[in-house]
Amino acid sequence: MKQQALGPKAHIKDGVKAWPSKQVGVHSVGDHTAIELIGRDRPGLLSEISAVLTNLRFNVAAAEVWTHNRRIACVVYVNDDTTCRAVDDPTRLSTMEEQLKNILRGCEDDDKVGRTSFSMGFTHVDRRLHQMFFADRDYESGGVTTEADHPSSFKPKITVEGCEDKGYSVVNVQCKDRAKLMFDIVCTLTDMQYVVFHATISSDAPYASQEYYIRHMDGCILDTEGEKERVIKCLEAAILRRVSEGLSLELCAKDRVGLLSEVTRILRENGLSVSRAGVTTIGEQAMNVFYVRDASGNPVDMKTIESLRKEIGHTMMLNVKKNPVNANKETQDQASTGWAKTGFFFGNLFEKLLA
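Caption draft 1: View of the overall build of the protein chain. A tally of regular secondary structure across the protein chain gives nine helices and 13 strands. Within the protein chain, the proportion of its 355 residues that are buried is 51%. Contacts spanning at least 24 positions in sequence make up 72% of the contacts within the protein chain whose residues lie at least 6 apart. When the accessible surface of the protein chain is summed, it comes to about 16,500 Å², and 50% of that surface belongs to carbon and sulfur atoms.

Written out as structure tokens, the structure reads:
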């Protein structure tokens, strides 16, 4: 299969304003201001971030949050809670940035804590999160990942071999199949300055086998063990960033200012840590998905979920799912909630924001 390097390149849209001197990445797209943050993850961090935005009268219209190797990266789209327009007041933005940086600083003895990322223009949110983690070198922190984070069944098997007679390096990936697996791999290879010339993709559920014939942009193949090892580490990180074991909570409610802050506060108070999140607003409805686990890494006690239902059930619809896919368990969980699964793809949100 003939394959080109995939993934849209970042590009400036009309109406985009940027503040290149800022350490917390901020730019505006249409009627929304985008905030990019990356730092050390800890229980309750998302709750603290959303509380700051609410207190400063920023309304969260959309957000995507990933965690990997004890790091967190997020892209948050906000607007003014009164005018519903992008915020471009430098004083107000500086106040917001300073408070967010204070939250991200965390433990002073970690030289990676508080590192932030900035992007000119906008790009596909998943692509941007990969770029932020790659720049943060999260792939170098593989030693801190535990079985609770990613069970051994999820760990991909990746090899890099030479195909010198044809002038390619061959990257072979075998792992559990899932949506956007090819996207994650190709985006990472592209960001590492490799070009994919051919690829073979196959899936024998629940596993996938993908083979990529690549060269560096200068035409060279991977000729050192160090370079091969770096590609393996980066691809493994890219695959695992989107993997979330445990429970996912899908919430649907009428949108209102402070909703994200309220929900994340309740999750924190119930001892739940968010490993991934997707937040979007369509019309007057807010649809949020939180992948959660016990703050100490243990499976979530269903008593906690029942307590959560009682606390938020009067204002929101809650759907609890087991991850990864477990058809029998999902059927039972969905039946117990009284409403069907609501699915959405966050990547389509940008067209809605810019329409």
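Still more ground to cover, so stick around.
Caption draft 2: Structural context of the packing of helix α1 (residues 45-55) against helix α6 (residues 259-269). One way to put it is that α1 packs onto α6 with a least axis distance of 8 Å and a crossing angle of 150°. For the element pair α1 / α6, the angle class is roughly antiparallel. In the crossing of α1 with α6, the sense of the turn from one axis to the other is left-handed. Taking contact as the criterion, the partners of L46, S47, S50, A51 and T54 in α1 are, on α6, L260, S261, T264, R265 and R268. Looking at side-chain class alone, the contact of α1 with α6 contains three nonpolar, five polar and two charged residues.

Caption draft 3: Representation of the environment of L235 within the structure. Within the element layout of this structure, L235 appears in helix α5 (residues 225-240). Residue class for L235 comes out buried when judged on its relative accessible area of 0%. Residues L235 and C187, 48 residues apart in the sequence, show an inter-C-alpha distance of 9.7 Å. Apart from residues no more than four positions distant in its own chain, L235 is found in contact with I158, V171, V173, I185, T188 and L189.

Caption draft 4: Geometry of the packing of α6 against helix α7 (residues 302-312). Two numbers describe how α6 lies on α7: the axes approach to 11 Å, and their chain directions differ by 145°. With respect to the hand of their crossing, α6 and α7 are arranged in right-handed fashion. In this structure, α6 contributes I266, L267 and E269 to the contact, and α7 contributes L308, E311 and I312. Grouping the amino acids of the contact of α6 with α7 by side-chain chemistry returns four nonpolar, no polar and two charged.

Caption draft 5: Representation of unusual backbone geometry in the model. Residues A205 and P206 are joined by a peptide bond in cis, for which omega reads 5°. By the secondary structure assignment, P206 is in the loop between β8 (194-204) and β9 (207-216). Phi is positive for N69, close to 50°, though the residue is something other than glycine. Mapped onto the elements of the fold, N69 is located in the loop between β4 (58-68) and β5 (71-80). Positive phi values are uncommon outside glycine, yet C84 reaches one of about 60°. If you trace the backbone, C84 turns up in the loop between β5 and α2 (90-105). Residue class for C84 comes out partly exposed when judged on its relative accessible area of 47%.

Each value, and the rule that gives it
- Residues numbered from 1 in each chain as written.
- Predicted model: local features only at pLDDT ≥ 70, side-chain atom pairs only at ≥ 80, totals over all residues.
- Heavy atoms only, no water.
- Helix = DSSP H or I, 4+ residues; strand = E, 2+ residues; numbered from the N terminus.
- Buried < 20%, exposed > 50% of the residue type's maximum accessible area, 1.4 Å probe, protein only.
- Contact = heavy atoms within 4.5 Å.
- Areas by Shrake-Rupley, 256 points an atom, 1.4 Å probe, with all protein chains shown as cover.
- Axes fitted to C-alpha atoms, helices over the stretch in contact; angles between N-to-C directions.
- Parallel < 35°, antiparallel > 145°, perpendicular 65-115°, else oblique.
- Left-handed = near helix turned anticlockwise from the far one by under 90°.
- Nonpolar A, V, L, I, M, F, W, Y, C, P; charged D, E, K, R; others polar.

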